[in-house]
Amino acid sequence: MRLWQTHVLEDITLVRGAGCTVWDAAGKPYLDLLAGTWCNVLGYGHPRWVAAVQSQVGKLAHVGAAFSADEVEEALVKLREILPPALDRAVLLNTGSEAVELALKMARAATGADEVAVIEQGYYGATTYALALSEAGRAASYLPHLGHVLRLPVPMCRRCPMGLSWPCDGFPCLDALADAEPGHVVAVIYEPVLGAGGIIVPPPGYGTRLRDLATHCGALLIAEEVTTGMGRTGRWFAFEHDAIVPDILVIGKAIGAGLPVSAVVTTGEVEARCQGVLRHVQSHQNDPFSGRIAAAVVAILQEEGLVEQAAGHGAYLLDGLRELQSRCAWIWDVRGQGLMAGVELEPDRAAQGVTVRQRLLDSGFIVDYQPHTATLRLFPPYIIAAPEIDRFLTAFEETLFDVGKASPV
Ligand SMILES: Cc1ncc(COP(=O)(O)O)c(C=O)c1O
């Protein structure tokens, strides 16, 4: 028996972690600027998170979908504290992908329509429907062919896919939605900052316009906050930057802080519209274990001021990257919000980004590089300290200038 590698794996075995650092089997430390797969927002081995996990496993992990548990109620109380009052119905699940699937099921059940509007370059998960809606699934032969998808141009104003320049008149990239016949579109699903698309931060007013247009065409607005939610962008939820309230909110990654917990949150109105139509049961739906972890993570983030810290240290990181950009001609763009940052290289340097990432890894810094967007991406734990950011910025600068000595390819 061997592991089937369905994606690329590093030839490194990690054996333990503490704070923002992980160590390999040979004892080499790495500063993890990705928080695992953007999940370990409390870093590794946060004592309060460990205590919550250990005590809950010993008490009650799973009870079966037919029973309720105090820990789930506890999670709902904590979620109430950080959400707008209208979003007061929730289901706890495990992964972001399945939460997206449930959100879309809810939208279909509530509206009875069948067209979904998505943003190009978006990513909504690895399950067949979510992936088929995502850019990453467009060419995959094994996915269902989705006929009714309205694909809206990505709001990347510096390289507008419509050839316009910002500020443009209104949001022409959303015109297809404005023109949609009322009653045809089930849902508009969007990531407030596109993570897999290369850390694309839409311009001010974009979320508000989406909110208005979703209402105009009778669709539900689904804020897909698997990556941006729970503090990543410096607010509890990224939709808050636009002062809007979605009809459905999808939460993943950070809410488990390293364990598989996700949630779909919606309004009483959506619940009422789904009454008698929607049925959804999964083995690990509303587990006491998930409830305990979610409640503990919210409490830790609140009591340790980590959302505010993500805002402050995120700005510090972005300032450092922009200062570097001012001295490095082959950085084309620096983008981000909170502790979610992207550094896009000039197109003729895109291949060298692979070397930059590898050299950083060799020097003990875990970052991500997407050759197809030429973007290095960073999603550090919220507990990252300023000296750790400085250490990364110094290593990044040295690596960039060293690799940059080679001519562009
Ligand atoms: C925006 C977004 N949605 C959905 C997912 C899927 O979440 P999961 O991998 O937990 O299923 C991801 C994962 O990276 C994501 O970034």
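Fair warning: this is a prediction, and the values are worked out from it, not measured in the lab. (Residues numbered from 1 in each chain as written. Predicted model: local features only at pLDDT ≥ 70, side-chain atom pairs only at ≥ 80, totals over all residues.)

Concerning unusual backbone geometry
Negative phi characterises most residues that are not glycine, and trans characterises most peptide bonds. To keep it simple, the criterion reads: In DSSP terms, a helix is any run of H or I states spanning at least four residues, a strand is any run of E spanning at least two, and both are numbered starting from the N terminus. Here a residue counts as buried when 20 or more other C-beta atoms fall within 10 Å of its C-beta, as exposed when 12 or fewer do, and as partly exposed in between; the C-beta atoms come from the backbone.
Trp166 connects to Pro167 through a cis peptide bond whose omega is 0°. With respect to the helices and strands, Pro167 occurs in the loop between β6 (149-152) and α6 (175-178). Positive phi, normally seen in glycine, also occurs at Ala243, with a value near 55°. Inspection of the secondary structure puts Ala243 in the loop between β8 (220-225) and β9 (248-251). Owing to 9 C-beta atoms within 10 Å, Ala243 belongs among the exposed residues under this scheme.

Considerations on the site of the ligand
Spelled out, the test is: Throughout this description, a residue near a molecule or strand is one whose C-beta atom, derived from the backbone, lies within 6 Å of it. Just so you know the grouping, Ala, Val, Leu, Ile, Met, Phe, Trp, Tyr, Cys and Pro go in nonpolar, Asp, Glu, Lys and Arg go in charged, and all remaining residues, Gly too, go in polar.
If you check the shell around the ligand, you find 15 residues, and the closest are Thr95, Gly96, Ser97, Gly125 and Val226. With three residues, helix α4 (residues 96-111) is the largest single contributor of residues to the shell around the ligand. Here the residues of the shell around the ligand sort into six nonpolar, seven polar and two charged.

Some words on the nonpolar core
We apply this condition: Remark: nonpolar core denotes a set of buried Ala, Val, Leu, Ile, Met, Phe, Trp, Tyr and Cys residues whose joining runs through C-beta atoms within 7 Å. What counts as a domain boundary in this text is fixed by an automatic or database domain assignment.
Among the nonpolar cores identified, the biggest contains 123 residues, and Ala103, Ala187, Val188 and Ile222 are the most heavily contacted of them. The dominant element in this core, judged by the number of residues it contributes, is helix α9 (residues 288-303), at nine residues. Here this core spans two domains, since at least three of its residues come from each of domain 1 (49-303) and domain 2 (306-404).

Notes on the sheet that holds strand β3 (residues 29-32)
What counts, and what does not: Two strands make a pair as long as DSSP finds a minimum of two bridges between them.
Pairing within the open sheet is mixed, and its four strands lie in the order β1-β2-β3-β13. Looking at which strands have only one partner, the edges of the open sheet turn out to be β1 (14-18) and β13 (365-366).

A few points about the domain arrangement of the protein chain
Put simply, the rule is: Here contacts are defined at the residue level, using C-beta atoms placed from the backbone and a cut-off of 7 Å between them.
As far as domains go, the protein chain holds domain 1 (49-303) and domain 2 (306-404). Computed over C-alpha atoms, the centres of domain 1 and domain 2 are 27 Å apart. Of the residues lining the interface, 15 residues belong to domain 1; the matching set on domain 2 comes to 20 residues. Here the residues of the side of domain 1 that touches domain 2 are counted per class, giving six nonpolar, six polar and three charged.

Quick look at the sheet that holds β9
Within a sheet, each strand pairs with its neighbour through backbone hydrogen bonds, oriented either parallel or antiparallel. Inclusion rule: Here the axes come from fitting lines to C-alpha atoms, over the contacting stretch only for helices, and the angles between their N-to-C directions go from 0 to 180 degrees.
One open sheet accounts for seven strands, arranged β4-β10-β9-β8-β7-β5-β6; its pairing is mixed. The open sheet has two edge strands with one neighbour each: β4 (89-93) and β6. The average undirected angle you get between the axes of adjacent strands in this sheet is 20°. Running over the sheet, helix α7 (residues 206-216) touches β7 (185-190) and β8 and is turned about 145° from β8.

A closer look at the environment of Asp368
As for its placement among the helices and strands, Asp368 is situated in strand β14 (residues 368-370). Exposure remark for Asp368: the 15 C-beta atoms within 10 Å place this residue in the partly exposed category. For the pair Asp368 and Phe379, spaced 11 residues apart in the sequence, the C-alpha separation amounts to 9.1 Å. Discounting chain neighbours no more than four positions away, the residues touching Asp368 are Leu34, Leu376 and Arg377.

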